[in-house]
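Working through the structure, step by step
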Amino acid sequence: MNSTYERNMNHPEALVHKGISGNLLRSKSEAMIDMALSTNQIPFRYEQALKLGESTIYPDFTIRHPETDKIYYWEHFGMMDNPSYIKNATAKIQLYTSNGIIPSMNLIITSETSSHPLNAEDIKKTIEHYFG
């Protein structure tokens, strides 16, 4: 978790929310996920490079299950009331799926809209579901 790794270097000016882990994050929702993972002692990396075929993407969180060592990727889609954002999110999910990273199996997806923001209870339930 604390070793160096290839991080997303795109738009560093958007990294404005300090997480409990010490990471700088792009949104308040990601900061909430960071806090929940950290306080539950679940090892993760923020925006670690992942090569999928010819593409390199940066999942919001790459997580190692603390008991099984299974790797999970957690994507939070925070603007799901924006049509162009939805298009990009859908393409990203398709890329994951075509490379064997399947939603609800090893890809955790949370989302929100301006009228339905992510909340701490949703995050807690997600962590309990995947990590006990």
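Residues numbered from 1 in each chain as written. Predicted model: local features only at pLDDT ≥ 70, side-chain atom pairs only at ≥ 80, totals over all residues. Heavy atoms only, no water.

**Digging into the packing of aromatic side chains**
Two aromatic rings are characterised by how far apart their centres lie and by the angle between their planes. Applying the stated criterion across every chain, the model contains eight aromatic pairs. Ring plane angle 75° and centroid distance 6.5 Å describe the contact between Phe77 and Tyr85, whose orientation is recorded as edge-to-face. For Phe77, a relative accessible area of 5% puts it in the buried group. Each member of the aromatic cluster is reached from another via a ring pair, and the members are Phe44, Tyr46, Phe61 and Trp74. (Phe/Tyr/Trp six-rings, centres within 6.5 Å; stacked < 30°, edge-to-face > 60°. Buried < 20%, exposed > 50% of the residue type's maximum accessible area, 1.4 Å probe, protein only.)

**Describing unusual backbone geometry**
Residues other than glycine seldom take positive phi values, yet Asp69 does so here, at roughly 65°. Within the element layout of this structure, Asp69 appears in the loop between strand 6 (61–64) and strand 7 (71–77). One non-glycine residue with positive phi stands out, namely Ser104, at about 75°. Considering the arrangement of structural elements, one finds Ser104 in the loop between helix 2 (83–98) and strand 8 (107–111). When its relative accessible area of 52% is taken as the criterion, Ser104 is described as exposed. (Helix = DSSP H or I, 4+ residues; strand = E, 2+ residues; numbered from the N terminus.)

**Let's talk about the nonpolar core**
Generally speaking, nonpolar side chains in soluble globular proteins are found buried as a group. Within the largest apolar cluster, 19 residues are counted, with the highest numbers of intra-cluster contacts made by Leu37, Phe61, Ile63, Trp74, Ile127 and Phe131. Of all the elements in the fold, those that place two or more residues in this core are helix 1 (28–39), strand 3 (44–46), strand 6, strand 7 and helix 3 (120–131). Residue contacts for Ile63: discarding those within four places in its chain leaves Leu37, Ile42, Pro43, Phe44, Lys70, Ile71, Tyr72, Trp74 and Phe131. The next biggest cluster of nonpolar side chains, apart from the first, holds eight residues, and it includes Leu50, Ile57, Tyr73 and Leu107. (Core = buried A, V, L, I, M, F, W, Y, C linked by side-chain atoms within 4.5 Å. Contact = heavy atoms within 4.5 Å.)

**What to know about the pattern of salt bridges**
All chains considered together, the criterion is met by three salt bridges. Residues Arg64 and Asp69 are paired through a salt bridge, measuring 2.6 Å at the closest nitrogen-oxygen approach. One salt bridge connects Lys92 with Glu75, and the closest N-O pair in it is separated by 3.1 Å. Here the residue Lys92 occupies a position in helix 2, and Glu75 occupies one in strand 7, the gap between them amounting to 17 residues. (Salt bridge = Lys/Arg side-chain N within 4 Å of Asp/Glu carboxyl O.)

**Focus on the sheet that holds strand 3**
Taking strand neighbours across the sheet as the criterion, the four strands line up as 3-6-7-8 in an open arrangement whose pairing is mixed. At either margin of the open sheet sits one strand with a lone partner, and together these are strand 3 and strand 8. Strand-to-strand twist across the sheet, computed as the mean angle between neighbouring axes with direction ignored, equals 20°. In the sheet, strand 7 pairs with strand 8 via five bridges, with the strands oriented parallel. Counterpart to Tyr73 in the pairing with strand 8 is Leu107. Sheet strands touched by helix 2: strand 7 and strand 8. Its angle to strand 7, the strand with the most contacts, is close to 170°. (Pairing = 2+ DSSP bridges. Axes fitted to C-alpha atoms, helices over the stretch in contact; angles between N-to-C directions.)

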